[in-house]
Structure formats: structure tokens, C-alpha cells
Amino acid sequence: MSERFDCHYCRDPLQGKKYVQKEGRHCCVKCFDKFCANTCIECKKPIGADSKELHFKNRYWHDSCFCCFKCYKSLVNEPFMLRENNKVWCSNCTAAEDAPRCKGCFKPIIAGDQNVEYKKMVWHKDCFTCSQCKQVIGSGSFFPKGDDFYCVSCHEHKFAKTCAKCKNPITSGGLTYQEQPWHSECFICSNCKKQLGGKRFTAVEDQFYCVECYKECVAKKCAGCKNPITAGFGRGTSVVNYEDESWHDYCFKCTKCARGLANKRFVCHNGKIYCAECPKRL
């Protein structure tokens, strides 16, 4: 009498029937599907004996269920990535998902795309546009203002200070004099035209002069020493004026005794300056 060859679970004879061997046990197809089959992680249905099974890290799929979560492309014999919630992704969708997002269109910036980076933010080159005129800035110069970005032209018209002399926008550098902005190349000596930024100068009736030009062209000549009176540029910060003539304060002194007469009583005799005492001795 031959040995019985029965299903481990239902004890139905297996002679002449399709069966499955699982962990050293033989079972009919029906019992395999009921008791032994792995469950597909995607569709949650058993992977029957007649189905093709794929597995990865103790997870199982029907071959028809093993598709990219994003684009639904079959990943059988294709590279893939297992991501959150046990979802599989193709390499293209993984690259797009992990790529930085454009600040302008919010789409991924794929390797090879031309882009612009600023303070840990990134844009497609064509998405980096002026907040005012909407023209593409791309890799050109720009000015940030809060969350906005402006091309050079729009920034000049919207924000740049206007030079007190030429009335054109000051886009870089410049200086301020009496709370008015100037281009450095506009703030110059009225006589020699040299730039005055960072140098000593004086203003006379809205005209600016460097020290040398002021001495030569503008400053009054001292009636005593005949040199220019350059108040504020050196020795003698005070000026004495009398009858259309001027003196350095240290040059205004008695013709006879040489006593300094600035801020003191004096006498003019025959066109000369004396202290109050000396004319009595003449």
C-alpha cells in the first residue's frame, strides 16, 4: 500500500494535483492562498500561488503592484527607492522629490537646470524676476528689499537717492553734505574740479572750494601779512573786519607797540591801527 500524499492543512490527497511546498510542508493551492501566502503591502491582498511575488526587506508585492508611487511606472527589474509609508519610487521621481524647490514656481530644480541662489533660496534662472517690471534678472545684478528683488533700473527709480547736483539716482557710493546726497564725482571744487570727498573744503554761496583754490580765488587777503585769510584751515580761526579791510586776528595789532588788538579798543590814525595809548605818544 503506497504512502498517502495529502495537503498538510485540509488533508485532501495531492496526487495528480498542483501543490506548493512551504517550509517543508506540502499544501494544496487553496490552502496555500488561505494560510501561507504573503500579503501584498500595496493592495493588501494575498499573493497567491499563481501570482508572481516580489520582495524587499521583509515586504512583499504582486509584480503588478510593484509600481512607482508617483508616476505609476512598473519597477520590475528597475532601480527603485523605498520611502515613507512603504511606498516605492522610481529613480527619476526620487530625484525630483529630493531636489530643491524653485522659490518662484515651486517646481523642483533638477540637476543641470540653470538656477540662481541667494541666502539659501534657489530659483530657476527664468523664474528669478524683478518684483517691479517682472523682467528676468537671471544672473544679472539685483537689489534685495525684504522679500522682493529689483533689477538695477527699477531700484534706481523706486529707492535710490537723487544727487543734489545732477538729479540722477545714486546707485552706489556717494556722500552726504548738509543732509543732501551727492555722487562723489559731482561733489567737486568749483575752480579746479577735483573731487572733495574725504578732503577739507569750504562752501561759499553754494559753491565748494578745496583749500588751495579757496586761498587763491576766494579768500580775503590780510591787510597785515598780505596772506589769504583761511579761517578754519589753520592758525587764526577768527577774522577782524574794519572799513572794507580784513586781518587775521593775530595780525590785527598796534602799529607802534605790536600789542594784539582783537576784541580790544583801538584807534585808526592816518590809515594805521593803534592801541588806545600809543596815539598819545605820537
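Residues numbered from 1 in each chain as written. Predicted model: local features only at pLDDT ≥ 70, side-chain atom pairs only at ≥ 80, totals over all residues. Heavy atoms only, no water.

*Asks:* Is there a simple way to think about the overall build of the protein in this case?
*Replies:* When its secondary structure is counted, the protein shows four helices and 20 strands. Relative to its length of 282 residues, the protein is extended, with a C-alpha radius of gyration of 48 Å against a globular reference of 19 Å. Once the C-alpha set of the protein is aligned to its principal axes, its extents read approximately 170 × 35 × 20 Å. Here the protein holds 282 residues, and 29% of them are scored as buried. Residue pairs in contact within the protein that sit at least 24 positions apart in sequence constitute 12% of those at least 6 positions apart. Looking at the protein as shown, the accessible area adds up to about 19,300 Å², and 46% of this sits on carbon and sulfur atoms. The distance from the centre of the 46 positive side-chain charges to the centre of the 30 negative ones in the protein is 8 Å. (Helix = DSSP H or I, 4+ residues; strand = E, 2+ residues; numbered from the N terminus. Rg over C-alpha atoms; globule rule 2.2 N^0.38 Å. Buried < 20%, exposed > 50% of the residue type's maximum accessible area, 1.4 Å probe, protein only. Contact = heavy atoms within 4.5 Å. Areas by Shrake-Rupley, 256 points an atom, 1.4 Å probe, with all protein chains shown as cover. Lys, Arg positive; Asp, Glu negative; His and termini not counted. Charge placed at Lys NZ, Arg CZ, Asp CG, Glu CD.)

*Asks:* Please explain the side chain of His124 as it appears in this structure.
*Replies:* Structurally, the position occupied by His124 is in strand β8 (residues 121-124). Judged by relative accessible area, which is 15%, His124 ranks as buried. A polar atom in the side chain of His124 sits 3.3 Å from the backbone oxygen of Pro108. Excluding its chain neighbours within four sequence positions, the residues that come into contact with His124 are Cys102, Cys105, Lys107, Pro108, Ile109, Asp113, Gln114 and Asn115. (Polar contact = N/O pair within 3.5 Å; in protein donor to acceptor, adjacent residues only side chain to side chain.)

*Asks:* Can you help me understand the nonpolar core in this one?
*Replies:* Soluble globular proteins: nonpolar side chains tend toward being buried together. Within the largest apolar cluster, 13 residues are counted, with the highest numbers of intra-cluster contacts made by Trp61, Phe66 and Leu75. With residues near it in sequence (within four places) discarded, Phe66 still touches Leu54, Trp61, Lys73, Ser74, Leu75, Val76, Phe80 and Val88. (Core = buried A, V, L, I, M, F, W, Y, C linked by side-chain atoms within 4.5 Å.)

*Asks:* It is not clear to me how the pairing of strand β17 (residues 239-242) should be interpreted in this structure. Could you clarify?
*Replies:* Residues in a regular strand point their side chains to alternate faces of the sheet. In this structure, β17 lies alongside strand β18 (residues 245-248), joined through four bridges in antiparallel fashion. Each residue of the ladder has a partner; that of Val239, found in β18, is His248. From the end of β17 to the start of β18, which pair antiparallel, there are two residues, and Glu243 there has a positive phi angle of about 50°. (Pairing = 2+ DSSP bridges.)

*Asks:* Looking at this structure, how should I read the environment of Lys103?
*Replies:* Counting through the fold element by element, Lys103 comes out in the loop between α2 (91-98) and β7 (115-118). For Lys103, the contacting residues outside a window of four places in its chain are Met121, Val122 and Trp123.

*Asks:* It is not clear to me how the side chain of His183 should be interpreted in this structure. Could you clarify?
*Replies:* Relative to the helices and strands, His183 resides in the loop between β14 (180-182) and β15 (201-204). By relative accessible area, His183 is classed as buried at 10%. Setting aside anything within four residues of it in sequence, one finds His183 in contact with Cys163, Cys166, Asn168, Pro169, Ile170 and Gly174.

*Asks:* Sorry if this is basic, but what is going on with helix α1 (residues 29-36) here?
*Replies:* Residue pairs spaced three or four apart in an α-helix point in one direction, given the helix's 3.6 residues per turn. Inspection of α1 places Val29, Cys31, Phe32 and Cys36 among the buried residues, and these make up the whole buried set. Seen along its axis, α1 keeps its buried residues to an arc of 155°; they face one direction. Relative to its buried face, α1 has exposed residues pointing more than 90 degrees away, namely Lys30 and Lys34. Buried positions along α1 lie against β1 (19-22) and β2 (25-28). (Arc of directions from axis to C-beta.)

These values are about where atoms sit, not about what they do.
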